[in-house]
Amino acid sequence: MKHERTVSLGTSKEALGHAVSLLRNGDLVAFPTETVYGLGADARQGEAVAQIYAAKGRPSFNPLIAHVASIDDAKQLVRWNDRAEVLASAFWPGPLTLVLPLRDGHGISSLVTAGLDTLAVRVPGNETAQKLLNAFGGPVAAPSANPSGKISPTSAQHVLDGLGGSIAAVVDDGPCEVGLESTIVGLFGPHPMLLRPGGVSKRDIETVLGETLQRQSTEGSITAPGQLLSHYAPNERVRLNATEPRADEVMLGFGTVNCDLNLSQSGDLKEAAANLFDYLHRLNAMHAPIAVSPIPETGLGVAINDRLRRAAAPR
Ligand code: TXA
Ligand code: MG
């Protein structure tokens, strides 16, 4: 459905009440989470979920994350296990997604799982997201609220720039705190798997779990299909591990370097993660190729480098 205008909503009880009625009506509502803005639809309404794929121009084989208000709500949808209990207790609400086998009577549209017999679930940490999910009282399917393959949105303005006119509303709660998508862990097989690096580091998860996460091989067929190589793509070419910009480039720096925008002068990876997508949006608007400083491959740096490699991948 094409909307003449996308309504920008605040975070008052009335505004969230309006967002809930839009979701119940099968409309799309973008909402803040602590990671990035999500493009939400009622996960039980197939037609509503179909609109997500249409609005994003997303390949239909790519399954979506179901967002719920609590661990108890998650347990209604998936077959829970000991590892899930340990990880959810430690990291929810927060930037961690768990992939588990679907449970009988789950009620989730098969468009959410793209026909898989597993479901990705998470309880987001942002307070507005919590209020919205509690008021809605059901699972909200939500990918990042950007056109497929483009830079993820960390503000309501990013959402409007990419999807304004194609969705009913966006709930504006300012910039996202973490700024990187959730870490995705698969708990459906014999070994826990890291399906996507993200806002919680691999090491923190392994420490809590007392087990090593296996990295999903990119050759595998099921995998997180979101592992499409080119993703988060600015319009111009991206060059990684640059020490300085070439004449035609703008520079995204890290640490003490001369650059147009600095992810973190002090070399703080958390600060860099929170700035990453916003700065890519801003540099994108400068219509020049982008050079990027090297980022250490530790902690959140793993997820930052994952996103940057995709932004730099051949299209
Ligand atoms: O932080 C986040 O995770 C954000 C916010 C909005 O919650 N959402 C997000 O969604 O990044 P999206 O759709 O951009 O990425 C979801 C990822 C994709 O890589 C998808 O393939 C994977 O989750 N995924 C979803 N269901 C899956 C499943 N059953 N098995 C394996 N991977 C799955
Ligand atoms: Mg995305």
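Look a little higher up for the structure.
Residues numbered from 1 in each chain as written. Chains lettered and ligands numbered in written order. Predicted model: local features only at pLDDT ≥ 70, side-chain atom pairs only at ≥ 80, totals over all residues. Heavy atoms only, no water.

K.L.:
Please provide a residue-by-residue account of the environment of Ser 89, values included.
P.N.:
Positionally, Ser 89 belongs in helix α4 (residues 82-91). With 119 residues separating them along the chain, Ser 89 and Val 208 place their C-alpha atoms 9.9 Å apart. In this structure, Ser 89 is in contact with Ile 71 and Ala 84, ignoring residues within four places of it in sequence. At 2.5 Å, the side chain of Ser 89 and the backbone oxygen of Glu 85 are in polar contact. (Helix = DSSP H or I, 4+ residues; strand = E, 2+ residues; numbered from the N terminus. Contact = heavy atoms within 4.5 Å. Polar contact = N/O pair within 3.5 Å; in protein donor to acceptor, adjacent residues only side chain to side chain.)

K.L.:
Describe the side chain of Thr 35, listing the residues and the values that go with them.
P.N.:
Along the chain, the position of Thr 35 falls in the loop between β2 (29-31) and β3 (38-42). Of note is the side chain of Thr 35, whose polar atom sits 2.8 Å from the side chain of Thr 33. Beyond its immediate stretch of four places on either side in the chain, Thr 35 contacts Pro 95, Arg 122, Thr 154, Cys 176, Val 178, Gly 179, Leu 180, Glu 181 and Ser 182.

K.L.:
Can you break down α4 residue by residue, with the values?
P.N.:
Given 3.6 residues to a turn, an α-helix orients residues that are three or four positions apart in the same direction. Where α4 is concerned, the buried positions are Ala 84, Leu 87, Ala 88 and Phe 91. For α4, the buried positions fall inside an angular range of 100° around the axis, keeping them on one side. Along its buried surface, α4 packs onto α3 (71-75), β5 (96-101), β9 (183-186) and α8 (202-209). Among the residues of α4, the N-terminal cap falls to Asn 81, whose side-chain oxygen and the backbone nitrogen of Arg 83 are separated by 3.2 Å. (Buried < 20%, exposed > 50% of the residue type's maximum accessible area, 1.4 Å probe, protein only. Arc of directions from axis to C-beta.)

K.L.:
Summarise the side chain of Ser 144; cite the residues concerned and give the values.
P.N.:
Within the secondary structure layout, Ser 144 lies in the loop between β7 (140-141) and α7 (156-163). A polar contact is formed between the side chain of Ser 144 and the side chain of Asn 146, at a distance of 2.7 Å. Look past the residues within four positions of Ser 144 in its chain and what remains in contact with it is Val 36, Tyr 37, Gly 38, Leu 39, Lys 56, Ser 152 and Pro 153.

K.L.:
I'd like to hear about unusual backbone geometry, residue by residue, with values.
P.N.:
A cis amide bond links Trp 92 with the next residue in sequence, Pro 93, at an omega value of -10°. If you trace the backbone, Pro 93 turns up in the loop between α4 and β5. A positive phi angle is found at Ala 114, which is not glycine, with a value near 50°. Tracing the backbone shows Ala 114 in the loop between α5 (110-113) and β6 (118-122). Exposure remark for Ala 114: the relative accessible area of 30% places this residue in the partly exposed category. With phi around 55°, Asn 241 is a residue other than glycine that occupies positive phi space. Within the fold, Asn 241 resides in the loop between β12 (238-239) and β13 (250-253). Looking at Asn 241, the relative accessible area reads 57%, which means it is exposed.

K.L.:
Now, about the nonpolar core: what can you tell me, with residues and values included?
P.N.:
Ranked by size, the top nonpolar core spans 46 residues in total, and within it Leu 39, Leu 87, Leu 96, Leu 98 and Leu 119 carry the most contacts. Where this core is concerned, the elements lending two or more residues are β3, α2 (46-56), α4, β5, β6, α7 and α8. Broken down by element, this core gets its largest block of residues, five residues, from α2. Ignoring sequence-local partners within four residues, the contact set of Leu 96 consists of Leu 87, Phe 91, Val 121, Arg 122, Ser 182, Thr 183, Val 185, Val 200 and Ile 205. One finds Leu 276, Tyr 279, Leu 283 and Leu 300 within the second-largest nonpolar core, a separate group that totals 28 residues. (Core = buried A, V, L, I, M, F, W, Y, C linked by side-chain atoms within 4.5 Å.)

K.L.:
Residue-level account of the sheet that holds strand β14 (residues 261-262), with values.
P.N.:
If you walk across this open sheet you meet the four strands as β12-β15-β13-β14, and the pairing is parallel. Sheet topology places β12 and β14 at the edges, where each strand pairs with a single neighbour. Docked against the sheet, helix α9 (residues 269-284) engages β13, β14 and β15 (290-292), running at close to 175° with respect to β13. (Pairing = 2+ DSSP bridges. Axes fitted to C-alpha atoms, helices over the stretch in contact; angles between N-to-C directions.)

K.L.:
Summarise helix α6 (residues 127-136); cite the residues concerned and give the values.
P.N.:
Looking only at α6, the buried set comprises Thr 128, Ala 129, Gln 130, Leu 132, Leu 133 and Phe 136. On its buried face, α6 sits against α1 (13-24), β2, β3, β4 (65-67), β7 and β8 (169-171). Positive backbone phi, approximately 75°, marks Gly 137, located one or two places after α6.

K.L.:
Account for the environment of Val 302, naming residues and giving values.
P.N.:
On the secondary structure map, Val 302 appears in helix α10 (residues 301-312). For Val 302, a relative accessible area of 24% puts it in the partly exposed group. Along the sequence, Val 302 and Gly 198 sit 104 residues apart, while their C-alpha atoms lie 7.9 Å from each other. Among all residues touching Val 302, those that are not within four sequence positions of it are Pro 197, Pro 296 and Glu 297.

K.L.:
A description of the site of ligand 1 should follow, citing residues and the corresponding values.
P.N.:
The immediate surroundings of ligand 1 are formed by 26 residues, with Thr 35, Arg 58, Asn 62, His 67 and Ser 182 found nearest. Note that an oxygen atom of ligand 1 is positioned 2.8 Å from one of the side-chain N or O atoms of Asn 62. In this structure, an oxygen atom belonging to ligand 1 sits 2.6 Å away from a side-chain N or O atom of Ser 182. For ligand 1, the protein covers 98% of the area, taking 680 Å² as the surface of the free molecule. Listed by contribution, the elements that provide at least two residues to the shell around ligand 1 are β4, β6 and β10 (193-196). When residues in the shell around ligand 1 are grouped by element, the largest group, three residues, is from β6. Partitioning the shell around ligand 1 into residue classes produces 13 nonpolar, nine polar and four charged. (Near = heavy atom within 4 Å. Areas by Shrake-Rupley, 256 points an atom, 1.4 Å probe, with all protein chains shown as cover. Nonpolar A, V, L, I, M, F, W, Y, C, P; charged D, E, K, R; others polar.)

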